[in-house]
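In case you want the letters, here they are:
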Amino acid sequence: MSQRMLIHGFHAITARLRHHPASIQVIYLDQARRDKRAKDLIKIAGDRNVRIVLADGARVEEMARGKSQGVVASADPIQLARDVDEVLEDLNEPALLLVLDGVTDPHNLGACLRSADAFGVHAVIAPKDRAAGLSAVAMKAASGAAESVPYITVTNLARTLRELKEQNILIIGTDDEAPGTVMDADFSGPAALILGAEGAGMRRLTREHCDLLVRIPMYGQVESLNVSVSAGVCLYEARRQRNQAG
């Protein structure tokens, strides 16, 4: 049997109820919550025959280590695509992938997943050894996107990038010093966008596998953006180009 996990926050639990209700064993809801969000959650859970237990608020907070918003669910992990090949096999349009190299903050991972979902990314890929796991914190920050976008960790990121190139997927890396901007890249065909950790950026070996390096043009005083903000900017441009291409 799969090891059960705790999910907390209304967005994350509501998304799981809508997409994978059978994976939820029980939801613990702060009995003092009588607002619309709590009532909506109770209705959705009831419609899907998922049990809700009204519990003491302090107990719910203790279960979620103080980050629950008053609601925690015990659930089985879900399986979206398990590897990159499985993602690519099921596509009926050019692949759009997001690669995170060295992003270890679960809040940033969740926010990147949220942007990936918003702009139609088919999977988010990260190395196993230098990456945030898909924890309850990351899932809460993703606001439901963890239920729809596969998050695939790979043992050897460089090898995965080589395999993507062999399948004619353009590898586009981001670098503050790149001569061209993200608007100069061609996202109309199969593409994988790589973002590195804040400060450190991409690792050297990752950079060497890029077909193209681009930057986000900056017009203010700050020198860089948070990685999740950068993901949103770049993925918006990718989706804009794809929509324009029809």
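About the cut-offs
The written sequence of each chain sets the order in which its residues are numbered from 1. Local features in a predicted model are, by the rule used here, given only for residues with pLDDT of at least 70; side-chain atom pairs are given and counted only at 80 or more, and totals for whole chains, interfaces and linings are based on all residues. Values reported for side chains reflect all heavy atoms of the structure, with hydrogen atoms and water molecules removed beforehand. Salt bridge, as used here, is a side-chain nitrogen of Lys or Arg placed within 4 Å of a carboxyl oxygen of Asp or Glu. Segments assigned H or I by DSSP are reported as helices when at least four residues long, segments assigned E as strands when at least two residues long, and all are numbered from the N terminus. Here's how the labels work: a residue is buried when its accessible area is under 20% of the maximum for its type, exposed when over 50%, partly exposed in between, all with a 1.4 Å probe on protein chains only. Lines are fitted to the C-alpha atoms to define the axes, a helix being fitted only along its stretch in contact, and any angle between axes, read from their N-to-C directions, falls within 0 to 180 degrees. What sets the label is the angle itself: under 35 degrees gives roughly parallel, over 145 gives roughly antiparallel, 65 to 115 gives roughly perpendicular, and the rest give oblique. Rotating anticlockwise by less than a right angle from the far helix to the near helix defines a left-handed crossing, while the corresponding clockwise rotation defines a right-handed one. Only heavy atoms matter for contacts: two residues are in contact if any of them lie within 4.5 Å across the pair. Stacked, edge-to-face and tilted labels apply to pairs of Phe, Tyr and Trp rings (six-membered ring for Trp) whose centres lie within 6.5 Å, assigned for plane angles under 30 degrees, over 60, and everything in between, in that order. By this definition, two strands are paired if DSSP reports at least two bridges between them. To estimate how far a helix should extend, the number of its residues minus one is multiplied by 1.5 Å. Contacts described as polar in this section are N or O atom pairs within 3.5 Å, which, within protein, must combine one atom able to donate a hydrogen with one able to accept it, while residues neighboring in sequence count only if both atoms come from side chains. Residues are grouped as follows: Ala, Val, Leu, Ile, Met, Phe, Trp, Tyr, Cys and Pro are nonpolar; Asp, Glu, Lys and Arg are charged; all remaining types, including Gly, are polar.

Enquirer: How should I be thinking about the pattern of salt bridges in this particular structure?
Expert: Close approach of charged atoms lets side chains of opposite charge pair. Under the defined criterion, the tally for this structure stands at 10 salt bridges. A salt bridge links Lys43 to Asp47, with the shortest nitrogen-to-oxygen separation between them at 3.0 Å. You can see Lys43 and its partner Asp47 sitting in helix H2 (residues 36–47), four residues apart, about one turn around the helix. For the pair shown, Lys43 and Asp47 are each scored as exposed. The partner of Glu237 in a salt bridge is Arg240, and the shortest N-O contact between them spans 2.8 Å. Here Glu237 pairs with Arg240, and both are found in helix H9 (residues 227–245), just three residues apart, close to one helical turn. Looking at Glu237, the relative accessible area reads 6%, which means it is buried.

Enquirer: Could you clarify how one ought to interpret the packing of helix H1 (residues 10–19) against H2 in this entry?
Expert: Axis angle and axis distance: for two packed helices, these are the angle between their axes and the distance between the axes, and together they describe the pair. One way to put it is that H1 packs onto H2 with a least axis distance of 10 Å and a crossing angle of 20°. Taken together, H1 and H2 sit at an angle that is classed as roughly parallel. You can see that H1 and H2 cross each other, and the crossing is left-handed. Between H1, through Phe10, His11, Ile13, Thr14, Leu17 and Arg18, and H2, the contact on the second element is made entirely by Arg37, Ala38, Leu41, Ile44 and Ala45.

Enquirer: Looking at this model, I keep getting lost on the packing of aromatic side chains. Mind explaining?
Expert: When we look at a pair of aromatic rings, we describe it by the centre distance and by the angle of the planes. Within this structure, the stated rule accounts for one aromatic pair. Arranged with centres 6.0 Å apart and planes meeting at 80°, the rings of Phe119 and Tyr236 form a pair that is edge-to-face. Residue Phe119 is located in the loop between helix H5 (106–118) and strand S6 (123–127), and its partner Tyr236 is located in helix H9; the two are separated by 117 residues in the primary sequence.

Enquirer: Teacher, can you tell me more about the sheet that holds strand S2 (residues 24–30) here?
Expert: Sheets are built from strands paired through backbone hydrogen bonds, the pairs being either parallel or antiparallel. With mixed pairing, the four strands of this open sheet are ordered in space as S1-S4-S2-S3. Looking at which strands have only one partner, the edges of the open sheet turn out to be strand S1 (5–8) and strand S3 (51–55). Going from strand to strand, the sheet's axes swing by 25° on average, the running direction of each strand aside. As paired strands, S1 and strand S4 (residues 71–75) are joined by four bridges and run antiparallel to one another. Paired with Ile7 across the strands is Ala73, a residue of S4. Against the sheet, H2 touches S2, S3 and S4, its axis set at about 160° to S2.

Enquirer: Is there a simple way to explain H5 in this structure?
Expert: Within an α-helix, residues lying three or four positions from one another point in the same direction, as the helix has 3.6 residues per turn. In a regular helix each residue adds 1.5 Å, so 13 residues correspond to 18 Å; H5 covers 18 Å between its end C-alpha atoms and thus fits that length. Of all the positions in H5, only Asn108, Leu109, Gly110, Cys112, Leu113, Ser115 and Ala116 are classed as buried. Close packing links the buried residues of H5 with strand S5 (96–101), S6, helix H6 (136–142), strand S7 (151–154) and H9. A distance of 2.7 Å separates the backbone nitrogen of His107 from a side-chain oxygen at the start of H5, and that oxygen is part of Asp105. Of the residues trailing H5, Gly120 is marked for its positive phi of about 80°.

Enquirer: Just to check I follow, could you spell out the packing of H5 against H9 for this structure?
Expert: Closest axis-to-axis distance for the H5/H9 pair is 8 Å, and the angle between their directions is 10°. In this view, H5 runs roughly parallel relative to H9, as classed from their interaxial angle. On H9, the residues touching Asn108, Ala111, Cys112, Ser115 and Ala116 of H5 are Val227, Ser228, Ala231, Gly232 and Leu235. Residue composition of the contact of H5 with H9, by class: six nonpolar, four polar and no charged.

Enquirer: So what exactly am I meant to see when it comes to unusual backbone geometry here?
Expert: Of all residues except glycine, most have a negative phi; of all peptide bonds, most are trans. Phi angles above zero are rare outside glycine, and Ser143 is one such case at about 50°. Unusually for a residue other than glycine, Asn168 sits at a positive phi of about 60°. When you line up the elements, Asn168 lands in the loop between helix H7 (157–166) and strand S8 (170–174).

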